[in-house]
Amino acid sequence: MILGRDLKMRHYELDQFLLGIRIMTREMSYAAPSLEVCFRRAGDATEGTMAQIFSLAADGIAAEKDDGAFGKALMMMREDLFLTDGDLEWMGRFGVGLGVADLENTLKSLGYMEERAEEALRTAEQNENRWGRVFLRGGWLLGFAVALVFI
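On a predicted model such as this, the values are computed, not experimentally measured, just so you know.

Conventions and cut-offs
- Residues numbered from 1 in each chain as written.
- Predicted model: local features only at pLDDT ≥ 70, side-chain atom pairs only at ≥ 80, totals over all residues.
- Heavy atoms only, no water.
- Helix = DSSP H or I, 4+ residues; strand = E, 2+ residues; numbered from the N terminus.
- Buried < 20%, exposed > 50% of the residue type's maximum accessible area, 1.4 Å probe, protein only.
- Contact = heavy atoms within 4.5 Å.
- Areas by Shrake-Rupley, 256 points an atom, 1.4 Å probe, with all protein chains shown as cover.
- Core = buried A, V, L, I, M, F, W, Y, C linked by side-chain atoms within 4.5 Å.
- Phe/Tyr/Trp six-rings, centres within 6.5 Å; stacked < 30°, edge-to-face > 60°.
- Lys, Arg positive; Asp, Glu negative; His and termini not counted.
- Salt bridge = Lys/Arg side-chain N within 4 Å of Asp/Glu carboxyl O.

### What about the overall build of the protein?
Point 1. Counting its secondary structure elements, the protein contains six helices and zero strands.
Point 2. When the helices and strands of the protein are placed in sequence order, the string is α-α-α-α-α-α.
Point 3. For the protein, buried positions account for 38% of its 151 residues.
Point 4. Considering only intrachain contacts with a sequence separation of at least 6, the fraction spanning at least 24 residues in the protein is 64%.
Point 5. Taken as a whole, the protein presents about 8,800 Å² of accessible surface, with 58% of it coming from carbon and sulfur.

### Quick word on the nonpolar core
Point 1. In terms of nonpolar packing, the biggest core is built from 34 residues, with Phe17, Met24, Phe39, Phe70 and Phe94 touching the most fellow members.
Point 2. Among the secondary structure elements, those contributing two or more residues to this core are α1 (2-31), α2 (35-45), α3 (48-64), α4 (69-76), α5 (85-92) and α6 (103-150).
Point 3. Here the element with the most residues in this core is α1; it accounts for seven residues.
Point 4. The residues contacting phenylalanine 94, other than those within four sequence positions of it, are Phe17, Ile21, Met24, Phe39, Phe54, Phe70, Gly71, Leu110 and Met113.

### Some thoughts on the packing of aromatic side chains
Point 1. By the definition in use, this model includes nine aromatic pairs.
Point 2. Arranged with centres 5.6 Å apart and planes meeting at 85°, the rings of phenylalanine 17 and phenylalanine 94 form a pair that is edge-to-face. Taken together, the residues phenylalanine 17 in helix α1 and phenylalanine 94 in the loop between α5 and α6 connect sequence positions 77 residues apart.
Point 3. Assessed through its relative accessible area of 0%, phenylalanine 17 is described here as buried.
Point 4. By relative accessible area, which is 2% here, phenylalanine 94 ends up buried.
Point 5. Centre to centre, the rings of phenylalanine 39 and phenylalanine 54 are 6.1 Å apart; their planes meet at 40°, and the pair counts as tilted.

### Remarks on the side chain of glutamate 13
Point 1. Along the chain, glutamate 13 falls in helix α1.
Point 2. It is arginine 78 that comes nearest to the buried, bridge-free glutamate 13 among opposite-charge side chains, at 7.2 Å.
Point 3. Residue contacts for glutamate 13: discarding those within four places in its chain leaves Thr49, Met50, Asp80, Leu81, Phe82 and Leu83.

### Here we look at the pattern of salt bridges
Point 1. Scanning the model with the defined rule gives nine salt bridges in all.
Point 2. Here aspartate 87 makes a salt bridge to arginine 10, at a shortest N to O gap of 2.7 Å. Placement of aspartate 87 in helix α5 and of arginine 10 in helix α1 is noted, with a sequence separation of 77 residues between them. Each of the two residues, aspartate 87 as well as arginine 10, counts as buried.
Point 3. Taken together, the shared-partner salt bridges in this structure form one network comprising Arg22, Glu114 and Glu118.

Laid out in structure tokens, this is it:
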């Protein structure tokens, strides 16, 4: 049952990351605020651990003008995430160089990350649908079998 919950939480966190990317893209396309403001607004719009990561990245950018702040925030919150190592690898590159390039290249980078997030989200959804039921039913059956043994 715990494995089934982990699959569901991975799907949720990837969905929140994708939402944050879309918000940042919208902000940069229409309002063109600073990178810090874009991360802050993405943090305000998302939920859970991803909201904290976007907010920590905004704080890092404000304090140090560090474009790798998202990767650092991701690693700080690693223990609270249900993402795979592969997810963390490509997500860790997000934000690097965003504030350095012109708006067109920045939007291209955001588009690329959105595509990666959508692909990971599809994979997570397939895994959740395929294995989530197996883990949930297996957990109930194991619990039932243990109860019978103790009776």
